[in-house]
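Letter by letter, the chains look like this.
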Number of protein chains: 2
Amino acid sequence: MPTESGRRIPEATVSRLPQYYRVLLENTGTGLVTISSDRLAELAGVNAAKVRKDLSYLGSFGTRGVGYDIEYLLHEIARELGLTQDWPCVIVGIGNLGAALANYRGFGARGFRVVALADADSSKVGQKVADLEIEPVTELTTICEREKVTIAIIATPQSESQNVADTLVEAGVKSILNFASGMLSVPDGVAVRKVDLATELQILSFYQLRNGNGNNGSANGTGPS
Amino acid sequence: MPTESGRRIPEATVSRLPQYYRVLLENTGTGLVTISSDRLAELAGVNAAKVRKDLSYLGSFGTRGVGYDIEYLLHEIARELGLTQDWPCVIVGIGNLGAALANYRGFGARGFRVVALADADSSKVGQKVADLEIEPVTELTTICEREKVTIAIIATPQSESQNVADTLVEAGVKSILNFASGMLSVPDGVAVRKVDLATELQILSFYQLRNGNGNNGSANGTGPS
DNA sequence: GCCACCTTGTGATCATTTTCTCTAAGTCTG
DNA sequence: CAGACTTAGAGAAAATGATCACAAGGTGGC
Ligand SMILES: NC(=O)c1ccc[n+]([C@@H]2O[C@H](COP(=O)([O-])OP(=O)(O)OC[C@H]3O[C@@H](n4cnc5c(N)ncnc54)[C@H](O)[C@@H]3O)[C@@H](O)[C@H]2O)c1
Ligand SMILES: NC(=O)c1ccc[n+]([C@@H]2O[C@H](COP(=O)([O-])OP(=O)(O)OC[C@H]3O[C@@H](n4cnc5c(N)ncnc54)[C@H](O)[C@@H]3O)[C@@H](O)[C@H]2O)c1
């Protein structure tokens, strides 16, 4: 059910667009103007046919015999992914991981701006991390409204994650990135993605056992739930 | 090309086994002895038929009319994922993220033990993080051999990640969890999994644009590269 | 022991994703 | 300007994964 045009972009494609985007960005300084699907595929670590199929969902703006105009392609992907706008983010749970994320200057670079931090621990509230003051998690609703937060990052212990998610959803947040290990129940229309260390390690463990089967694991975040 | 039996476990199934494992673990204290595919599916946030299909790849040890014996199922999944053995891990790049990972007591719990830390910054070398002394990255080969490292976690800047990976592969490491954003080229038989914040956020951004399409994003780590 | 009830395991079907192949469209050289 | 060459785009086929539907097997009540 696409918002504007008739084309529907497959989930698998969506999860690869950021990779292409990154690779293209890395090629903007090099004087290159165009890039072929072959080269892009090589840099992104995927199959060239896949690149062409993926990009064809965005429209047909490659030039046969030449390739894709890098600037234009960047612009199109950015538009499709919504990277042309600003997404204010909040991080909930400023422990080991939350603090590292807050200090991470690197995704703030491209539209994702951490605008608030929240924690339940009163001894942490008021402390400054990465120039932001940690606020009490009881104020979460207020914070989200004040800052027009659209994306929330949960880095609390697993036991608290559902509560926090409920509050966030209540406050109108529509996208959640969850670092706690459990599953989150959210209403339709709210997107959740999970990053789970333990899962990743366990998958590696599996392939370690079956070593030499040529299966390279595979990058994250791609598949359907 | 499975190691022992004739059954081959699909990649998609492998990436769900850790979820089942976690859910089952959370149900060991509750006095419950068995669990039905329905209940397990609900707790893991997937379809019941999928649970049964997945588990059927491990063999048929459910009891019709009753469900699966929790202890036995845990044991079987652990065996399949190789969680019955110890996997010594090294973390390379002890910055914001690397330090958070090193301090994280939680995956050390189940077979994954961080046994060494390495960094290129000489001012960090010798410091202690989580009771481990940071060693120079130039010693990486020695460290891997000394500690019999099988899984490496890369948390260096992206620019260094390929170099580090090459060294690790050289030293015989067969599984890499990469937090840097780029792609890693590794020989066949080495598994790489990637955790990329920027990618996750960008995917969320996409679904934020197309809001209300009923697509919940979907959990990570499932899909093929 | 028979019967009503549950729940697994699996063959069949459907959907999605990946890959292959080939054509059409363009560039570049001479 | 013609011909060689490069590369996107699209249709078809193959592979993989999700879901359905139901028979087979097992439990517990009586
Ligand atoms: N640290 C890591 O490397 C790592 C890796 C993978 C997963 N995780 C997961 O990320 C989460 C956080 O890990 P961590 O190591 O940072 O833990 P942590 O204990 O260091 O931090 C958790 C923080 O959440 C806060 N908190 C607790 N309840 C809260 C609530 N209801 N609302 C807001 N804040 C609350 C705590 O005060 C604390 O500051 C855990 O679920 C963990 O499993 C962490
Ligand atoms: N911090 C985060 O929340 C976060 C989130 C997502 C992704 N990342 C990625 O994780 C990586 C690390 O992020 P960070 O915030 O910890 O960065 P950081 O700069 O804090 O830490 C990087 C560490 O790597 C060390 N290092 C540099 N070159 C090295 C080499 N050749 N060998 C060994 N160590 C080396 C540095 O000395 C430093 O200690 C980056 O690639 C970043 O993009 C970080």
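The following paragraphs examine the structure supplied in this document.

Here is what the cut-offs are and how they apply
- Residues numbered from 1 in each chain as written.
- Chains lettered and ligands numbered in written order.
- Predicted model: local features only at pLDDT ≥ 70, side-chain atom pairs only at ≥ 80, totals over all residues.
- Heavy atoms only, no water.
- Helix = DSSP H or I, 4+ residues; strand = E, 2+ residues; numbered from the N terminus.
- Contact = heavy atoms within 4.5 Å.
- Areas by Shrake-Rupley, 256 points an atom, 1.4 Å probe, with all protein chains shown as cover.
- Near = heavy atom within 4 Å.
- Polar contact = N/O pair within 3.5 Å; in protein donor to acceptor, adjacent residues only side chain to side chain.
- Nonpolar A, V, L, I, M, F, W, Y, C, P; charged D, E, K, R; others polar.
- Phe/Tyr/Trp six-rings, centres within 6.5 Å; stacked < 30°, edge-to-face > 60°.
- Buried < 20%, exposed > 50% of the residue type's maximum accessible area, 1.4 Å probe, protein only.
- Core = buried A, V, L, I, M, F, W, Y, C linked by side-chain atoms within 4.5 Å.
- Pairing = 2+ DSSP bridges.
- Axes fitted to C-alpha atoms, helices over the stretch in contact; angles between N-to-C directions.

1. What to know about the overall build of chain A
So, point 1. The helix and strand inventory of chain A stands at 8 helices and 10 strands.
So, point 2. Sequence separation of at least 24 residues holds for 55% of the intrachain contacts in chain A that already meet a minimum separation of 6.
So, point 3. Here chain A displays about 9700 Å² of accessible surface, and carbon together with sulfur accounts for 48% of that area.

2. Points about the site of ligand 1
So, point 1. In the vicinity of ligand 1 lie 23 residues, with Leu97, Asp119, Lys124 and Thr156 of chain A together with Tyr104 of chain B positioned nearest.
So, point 2. Of the chains in the model, those with residues near ligand 1 are chains A and B.
So, point 3. Here an oxygen atom of ligand 1 sits 2.8 Å away from a polar atom, N or O, in the main chain of Leu97 of chain A.
So, point 4. Contacts to ligand 1 include Ala100 of chain B, whose backbone N or O atom sits 3.3 Å from an oxygen atom.
So, point 5. Protein burial of ligand 1: of its 820 Å² of free accessible surface, 83% is covered by the chains.
So, point 6. Looking at the shell around ligand 1, the elements with two or more residues in it are helix 5 (96-103) and helix 7 (158-170) of chain A together with helix 5 (96-103) of chain B.
So, point 7. It is helix 7 of chain A that contributes the most residues to the shell around ligand 1, 3 residues altogether.
So, point 8. Of the residues belonging to the shell around ligand 1, the class tally is 14 nonpolar, 5 polar and 4 charged.

3. Considerations on the protein's contact with DNA strand C
So, point 1. Around DNA strand C lies a shell of 25 residues, among which Arg16 of chain A together with Ser37, Gly62, Gly65 and Tyr68 of chain B are the nearest.
So, point 2. Close to the protein, within 4 Å, the atoms of DNA strand C belong to sugar or phosphate groups at a rate of 67%.
So, point 3. Take Arg52 of chain B: an N or O atom from its side chain is 3.0 Å from a base nitrogen of DNA strand C.
So, point 4. Within the backbone of Phe61 of chain B, a nitrogen or oxygen atom sits 3.2 Å from a phosphate oxygen of DNA strand C.
So, point 5. Mapped onto the surface near DNA strand C, the elements with two or more residues apiece are helix 1 (11-25) and helix 3 (48-56) of chain A together with helix 3 (48-56), strand 2 (62-63) and strand 3 (67-69) of chain B.
So, point 6. Residues that form the surface near DNA strand C fall into these classes: 8 nonpolar, 9 polar and 8 charged.

4. Describing the packing of aromatic side chains
Residues and elements named next belong to chain B.
So, point 1. Under the definition given, this model contains 4 aromatic pairs over all chains.
So, point 2. Judged by centre distance (5.2 Å) and plane angle (85°), the ring pair of Phe61 and Tyr72 falls under edge-to-face. Of this pair, Phe61 sits in the loop between helix 3 and strand 2 while Tyr72 is found in helix 4 (residues 70-81), placing the two residues 11 residues apart along the sequence.
So, point 3. Judged by relative accessible area, which is 40%, Tyr72 ranks as partly exposed.
So, point 4. Taking the centre distance of 5.1 Å and the plane angle of 85° together, the rings of Phe206 and Tyr207 count as edge-to-face. In terms of burial, Phe206 and Tyr207 fall into one category: buried.

5. Section: the nonpolar core
So, point 1. Formed by 96 residues in total, the largest nonpolar core has its most connected members in Ile77 of chain A together with Ile77 of chain B.
So, point 2. Those residues within four positions of Ile77 of chain A in sequence are excluded, and the remaining contacts are Leu17, Tyr20, Tyr21, Leu24, Leu55 and Leu58 of chain A.
So, point 3. Residues Val90, Ala165, Ala171 and Ile176 of chain A belong to the second largest nonpolar core, which totals 22 residues.

6. Observations regarding the protein's contact with DNA strand D
So, point 1. With respect to spatial proximity, 26 residues lie near DNA strand D, and among them Ser37, Arg64, Gly65 and Tyr68 of chain A together with Arg64 of chain B are the closest.
So, point 2. Each atom of DNA strand D within 4 Å of the protein was assigned to sugar, phosphate or base; sugar and phosphate come to 71%.
So, point 3. Measuring from a phosphate oxygen of DNA strand D, one finds a side-chain N or O atom of Tyr68 of chain A at 2.8 Å.
So, point 4. Mapped by element, the contributors of at least two residues to the surface near DNA strand D are helix 3, strand 2 (62-63) and strand 3 (67-69) of chain A together with helix 1 (11-25) and helix 3 of chain B.
So, point 5. Sorting elements by how many residues they give to the surface near DNA strand D places helix 3 of chain B first, with 4 residues.
So, point 6. Residues that form the surface near DNA strand D fall into these classes: 7 nonpolar, 10 polar and 9 charged.

7. A look at the sheet that holds strand 9 (residues 175-178) of chain A
Residues and elements named next belong to chain A.
So, point 1. Read from one edge to the other, the open sheet built from 7 strands follows the order 6-7-5-4-8-9-10, with strand pairing classed as mixed. Two strands close off the open sheet at either side, each with one partner strand: strand 6 (128-129) and strand 10 (191-194).
So, point 2. As judged from the 3 bridges shared by strand 5 (residues 112-119) and strand 7 (residues 132-136), these two strands associate in the parallel manner. By the bridge assignment for strand 7, Ala118 is matched with Glu135.
So, point 3. Across the face of the sheet, helix 7 comes into contact with strand 4 (87-92), strand 8 (151-154) and strand 9 while running at roughly 170° to strand 8.

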